[in-house]
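Commentary on secondary and tertiary structure
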Amino acid sequence: MSRLRPIFSLILVSLATLLISCGSANVAATPPSYTPLQIEKIQEYVPEIVTVQERSAELQKLIQNQDWINVGNFIHGPMTEVKLNMSYIVSNLLPEQQKEARKIVREMFNNLVKIDQAADEGNSRKALSAYNAAFADINQFLDLLPANTISN
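- Looking at an unreviewed UniProt entry, one finds the protein chain named Photosystem II protein PsbQ, with Plectonema cf. radiosum LEGE 06105 as its source organism.
- Of the comments in the UniProt record for the protein chain, the one headed Subcellular location (unreviewed entry) reads "Membrane".

Take a look at the structure:
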């Protein structure tokens, strides 16, 4: 029995060492955050998006009045600029938000195409539906942005 004590002690020490080395301290990973440069880049493009968002009633009125030439001008002017600004912002978002942001930008572009097609057809109902979807996409995109980048 006295010969087994050192072996038993050695086994217990080895087991304790193994358990301690396999266990790790639960260190909370810091969530990814925006760098000051990313915030600055995002803030550079947000005001133009918000300005066009505030002009949404203008486009709605043009569609309701069937002023198709000015609808086209609005789509190919300010709305296209919004799409470009949204695309510029995407690369400055956190990696886990970029996929969703790209999807929203793509959907917004598709809605602009639908408005343009409806204008060519003179279809107010179709244009208004796509208009609502396009501005919903803009709102959804703005919701993805860090709160300190949007100042209304």
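1. Some points on the pattern of salt bridges
- The full count for this structure, using the stated rule, is three salt bridges.
- A salt bridge links Glu-58 to Arg-55, with the nearest nitrogen and oxygen atoms 2.9 Å apart.
- A relative accessible area of 30% means that Arg-55 is categorised as partly exposed.
- Between Lys-103 and Glu-107 there is a salt bridge, and its shortest N-O distance comes to 4.0 Å. In this pair, Lys-103 and Glu-107 both sit in helix H5 (residues 95-121), four residues apart, roughly one turn of the helix.
- On the basis of relative accessible area, Glu-107 is assigned to the partly exposed category, the value being 30%.

2. Overview of the packing of helix H4 (residues 68-90) against H5
- H5 packs onto H4 with a crossing angle of 170° between their chain directions and a minimal axis gap of 10 Å. For the element pair H4 / H5, the angle class is roughly antiparallel. On the side of H4, the interface is formed by Trp-68, Val-71, Gly-72, Ile-75, His-76, Met-79, Val-82, Lys-83, Met-86, Ser-87 and Val-90, while H5 contributes Gln-98, Ala-101, Arg-102, Ile-104, Val-105, Met-108, Phe-109, Leu-112, Ile-115, Asp-116 and Ala-119.
- Of the residues assigned to the contact of H4 with H5, the class counts are 15 nonpolar, four polar and three charged.

Reading guide: rules and limits
- All residue numbers refer to position in the chain's written sequence, counted from 1.
- This being a predicted model, a pLDDT of at least 70 is required before a residue's local features are given, and a value of 80 or more before pairs of side-chain atoms are given or counted; all residues contribute to the totals for chains, interfaces and linings.
- Only hydrogens and water are removed before side-chain values are computed, so all heavy atoms of the structure are retained for them.
- UniProt positions are given in the numbering used here, feature names are shortened, and annotations may be inferred rather than shown by experiment.
- Here, a salt bridge means any Lys or Arg side-chain nitrogen found within 4 Å of an Asp or Glu carboxyl oxygen.
- Only protein chains enter the accessibility calculation, which uses a 1.4 Å probe. A residue is then buried if its area is under 20% of the maximum for its type, exposed if over 50%, and partly exposed in between.
- What counts as a helix is a DSSP run of H or I of at least four residues, what counts as a strand is a run of E of at least two, and both are numbered from the N terminus.
- What counts as an axis is a line fitted to C-alpha atoms, over the stretch in contact for a helix, and the angles between N-to-C directions run from 0 to 180 degrees.
- Working definition: roughly parallel below 35 degrees, roughly antiparallel above 145 degrees, roughly perpendicular at 65 to 115 degrees, and oblique for all remaining angles.
- Any pair of residues with heavy atoms lying within 4.5 Å of one another is described as a contacting pair.
- Residues are grouped as follows: Ala, Val, Leu, Ile, Met, Phe, Trp, Tyr, Cys and Pro are nonpolar; Asp, Glu, Lys and Arg are charged; every other residue, Gly included, is polar.

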